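What follows is each chain in one-letter form.
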Amino acid sequence: DDRWDWLRLLLEVCQFARDASVAESWLIAQEPYVASRDFGHTVDEVEKLLKRHEAFEKSTATWEERFSALERLTTLELLEIRQQQEALRRMSQNGEKRPEPEIRSEDTGDMGEYS
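So, here's what we can say about the structure. (Residues numbered from 1 in each chain as written. Predicted model: local features only at pLDDT ≥ 70, side-chain atom pairs only at ≥ 80, totals over all residues. Heavy atoms only, no water.)

**Section: the pattern of salt bridges**
Under the defined criterion, the tally for this structure stands at 3 salt bridges. A salt bridge links Arg89 to Glu86, with the shortest nitrogen-to-oxygen separation between them at 2.2 Å. You can see Arg89 and its partner Glu86 sitting in helix α3 (residues 75-93), 3 residues apart, about one turn around the helix. In this structure, the salt-bridge partner of Arg90 is Glu86, at a minimum N-O distance of 3.6 Å. With Arg90 and Glu86 both in helix α3, this residue pair falls 4 residues apart, about one helical turn. Take Glu86: its relative accessible area is 29%, and that puts it in the partly exposed class. Here the residues in one salt-bridge network are Glu86, Arg89 and Arg90, joined through shared partners. (Salt bridge = Lys/Arg side-chain N within 4 Å of Asp/Glu carboxyl O. Helix = DSSP H or I, 4+ residues; strand = E, 2+ residues; numbered from the N terminus. Buried < 20%, exposed > 50% of the residue type's maximum accessible area, 1.4 Å probe, protein only.)

This is the structure in structure tokens:
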């Protein structure tokens with residue numbers, strides 16, 4: 001039973017990773033369009049760009065639900081949060097001081113000697 005639950009958690013994490021990768025690929029593919037400074041020089045070019053923009057907006061709307069799904073925490077993340085909360089609760093009951101969070105240079109964007 002524990003193995004089954006663990007495998008289901010792993011499946012959910014793998015599905016999240018897959019969905020995140022697909023979403024990232026879509027965003028990367030859209031970047032040239034969004035960053036483009038081409039506003040057209042003729043009526044035909046502007047009309048073509050308007051149609052392309054409408055298609056982009058429709059495509060974005062269809063992706064909105066997928067991006068919202070990626071914002072939700074996975075069951076594994078929720079379990080980890082519960083475990084951390086339980087550990088903090090036990091520490092406070094025992095009168096122990098709450099540990100300071102470890103701050104890594106990757107978390108702060110500090111490049112150390114490279115900046």
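**Structural notes on helix α2 (residues 43-71)**
For α2, which comprises 29 residues, the first-to-last C-alpha distance of 41 Å matches the rise-based estimate of 42 Å (1.5 Å per residue) to within 8%. When the local axis directions of α2 are compared, the greatest deviation, roughly 35°, occurs at Trp63. Within α2 the residues assigned to the buried category are Phe56, Trp63 and Leu70. Considering only its buried residues, α2 is in contact with α1 (2-35). (Expected span 1.5 Å × (residues − 1). Bend = angle between axes of the 7 residues up to and from the residue. Contact = heavy atoms within 4.5 Å.)

**Section: the packing of α1 against α3**
Between α1 and α3, the shortest axis-to-axis distance is 8 Å and the interhelical angle comes to 115°. Contact residues: α1 offers Trp6, Leu9, Glu12 and Val13, while α3 offers Thr75, Leu76 and Leu79. Grouping the constituent residues of the contact of α1 with α3 by class yields 5 nonpolar, 1 polar and 1 charged. (Axes fitted to C-alpha atoms, helices over the stretch in contact; angles between N-to-C directions. Nonpolar A, V, L, I, M, F, W, Y, C, P; charged D, E, K, R; others polar.)

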